[in-house]
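Fold and contact review
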Amino acid sequence: MNAPASIKSKGSDHIQTGEELERCPFPIPFGWYNVHFSHELKVGDIKVERVFGQDWVLFRGEDGKVGMTDPFCPHLGAHLGKGGKVVGNNIQCPFHNWEFDSEGWCKKIPYGKVMPGVARKKAILKALPVVEKYGAVWAWYHPHDVEPMWEIPTIPEMEDPDNHVEVKYHFWDIGTCIQEMGENSVDTPHLKFLHGSPIIPSVTAKAEGHIWHYDIMDGYIVGESHGPGIPLVRHNKEGISMLMFATPTPTDADMSRVRMMFTWKKYPEGSKEAATAHHLYLHSIGEAEGEESKGFESVDLIVWDNKKYRPKPLLCDGDGPIMAWRKYFRQFYVDLDETDPAVAM
């Protein structure tokens, strides 16, 4: 990420060339992230997930609680996800059958008479804070292991499943970082020129602490992001609202898995309202019939998978509040080198 002195010395009007740019020059931002759909992790299951730049082990104990830990046993380094198993509420190492709970405390050494001193004082297997809510397993990530700084928000639609359609689940693997994807929320000109929208929609946006708000076309699309990993997007038409609960999670610095959950209020079968809500859903995933505008999967992914990040973009008066978005998002990076030309604003 450190540029040669010859590049650093160039004037303020210099427009960086491709060789000076990087695809995803940022560290992984801290926050809450959806690391798994709940229904895909049954009692007794162990799953190995690559997130935040490394492998982690997820397991669900008999009490239903989920743990997410470093995969390597603190004893002799065996991989807990390769041959390990769930015993009661603990994950058991396949090598010597040491057991650890969801918070990383050693609970059993089958052949040891005395628990090692450090294991009596603290958790010895690194475990991330985990909350299970709204059909997802949420893990708090911070590179310095700082405790959670905000809570997962209350989402009315997800709190009232009896009056909303069954949640529809999707996921996509996307070759870019979260900041780049989120920038689309305020880059409304791309909706016309990339997606084929008949107009360039208006957009307003503002930051309130860790929350980002935006409004496209006076309420047609209303979004709020609670940190990097919890964007809530509501598509509205003729008094009907459809929730797109988009949850991007960093796999590595330049790869993300985006899990999406969709729901909307129940309407009588065959009614205009039901058709409108379902159409908003199909439009969001690019499967609506009779539309010229393209869904994000068919066009955005091509751009994201191949573009490079411009820290000093050449913007015009018709562009949206891109720099405001970038300023908001910067708060979630730790140890970012602000002098690096690849990221310096």
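First, a word on what this report is: a plain description of the structure on this page.

Each value, and the rule that gives it
Residues numbered from 1 in each chain as written. Predicted model: local features only at pLDDT ≥ 70, side-chain atom pairs only at ≥ 80, totals over all residues. Heavy atoms only, no water. Helix = DSSP H or I, 4+ residues; strand = E, 2+ residues; numbered from the N terminus. Rg over C-alpha atoms; globule rule 2.2 N^0.38 Å. Buried < 20%, exposed > 50% of the residue type's maximum accessible area, 1.4 Å probe, protein only. Contact = heavy atoms within 4.5 Å. Areas by Shrake-Rupley, 256 points an atom, 1.4 Å probe, with all protein chains shown as cover. Lys, Arg positive; Asp, Glu negative; His and termini not counted. Charge placed at Lys NZ, Arg CZ, Asp CG, Glu CD. Pairing = 2+ DSSP bridges. Axes fitted to C-alpha atoms, helices over the stretch in contact; angles between N-to-C directions. Arc of directions from axis to C-beta. Salt bridge = Lys/Arg side-chain N within 4 Å of Asp/Glu carboxyl O.

**Thoughts on the overall build of the protein chain**
Along the protein chain, the regular secondary structure elements total eight helices and 17 strands. Computed over the C-alpha atoms, the radius of gyration of the protein chain is 23 Å, within 12% of the 20 Å expected from 2.2 N^0.38 for a compact globule of 345 residues. Across its three principal axes, the protein chain shows a C-alpha extent of roughly 70 × 65 × 30 Å. For the protein chain, the residues scored as buried account for 47% of the 345 residues in total. Within the protein chain, counting contacts between residues at least 6 apart in sequence, those at least 24 apart form 55% of the total. About 16800 Å² of surface is accessible on the protein chain, with carbon and sulfur atoms providing 52% of the total. Each charge class in the protein chain can be summarised by its mean position, and for the 36 positive and 49 negative side chains these summaries are 6 Å apart.

**Some details on the sheet that holds strand β9 (residues 130–133)**
With antiparallel pairing, three strands are arranged side by side in an open sheet as β1-β10-β9. Two strands bound the open sheet, and with one partner strand each, they are β1 (31–37) and β9. In this sheet, adjacent strand axes meet at a mean angle of 30° when their direction is disregarded. Examined bridge by bridge, β1 and strand β10 (residues 136–141) share six bridges and lie antiparallel to one another. Within β10, the residue paired with Trp 32 across the bridge is Trp 140.

**Re helix α8 (residues 322–329)**
Every buried residue belonging to α8 is among Ile 322, Trp 325, Arg 326, Tyr 328 and Phe 329, and all of these are buried. For α8, the arc enclosing every buried residue in end-on projection is 160°, short of the 170-degree limit, so these residues lie on one face. Contact partners of the buried residues in α8: α4 (178–182), β12 (203–208), β13 (211–216) and β14 (221–226).

**Digging into the pairing of β9**
Bridge count between β9 and β10: four bridges; the pairing is antiparallel. By the bridge assignment, Val 130 is partnered in β10 with Ala 139.

**Remarks on the pairing of β10**
Taken across its six residues, β10 has six buried, putting it largely inside the fold. Here β10 shows a buried face lined by Ala 136, Trp 138 and Trp 140 and a second buried face lined by Val 137, Ala 139 and Tyr 141. Linking β9 back to β10 in an antiparallel pair, the connection comprises two residues, with Tyr 134 at a positive phi of about 60°.

**Observations concerning the pattern of salt bridges**
A complete count under the given rule lists 13 salt bridges for this structure. Across the pair Lys 307 and Glu 180 runs a salt bridge, and its minimum N-O distance is 2.7 Å. Of this pair, Lys 307 sits in the loop between α7 (296–304) and α8 while Glu 180 sits in helix α4; the two residues are 127 residues apart in sequence, bridging distant segments of the chain. Overall, the relative accessible area of 27% leaves Lys 307 in the partly exposed class. Measuring nitrogen to oxygen at the nearest pair gives 3.9 Å for the salt bridge that ties Lys 272 to Glu 238. A residue pair is termed long-range when its members are at least 10 positions apart, and Lys 272 in helix α6 (residues 272–284) and Glu 238 in the loop between β15 (231–237) and β16 (240–252) qualify at 34 residues. Considered together, Lys 272 and Glu 238 belong to a single accessibility category, that of exposed residues. Residues joined by salt bridges that share partners form a network here, namely Arg 50, Asp 55 and Asp 252.

**What to know about the environment of Ile 221**
Here Ile 221 lies in strand β14. Overall, Ile 221 belongs to the buried group, its relative accessible area being 13%. When the C-alpha atoms of Ile 221 and Tyr 267 are compared, they prove to be 21 Å apart, with 46 residues separating the residues in sequence. Not counting residues up to four positions away in its chain, the partners in contact with Ile 221 are Tyr 214, Asp 215, Ile 216, Val 233, Arg 234 and His 235.

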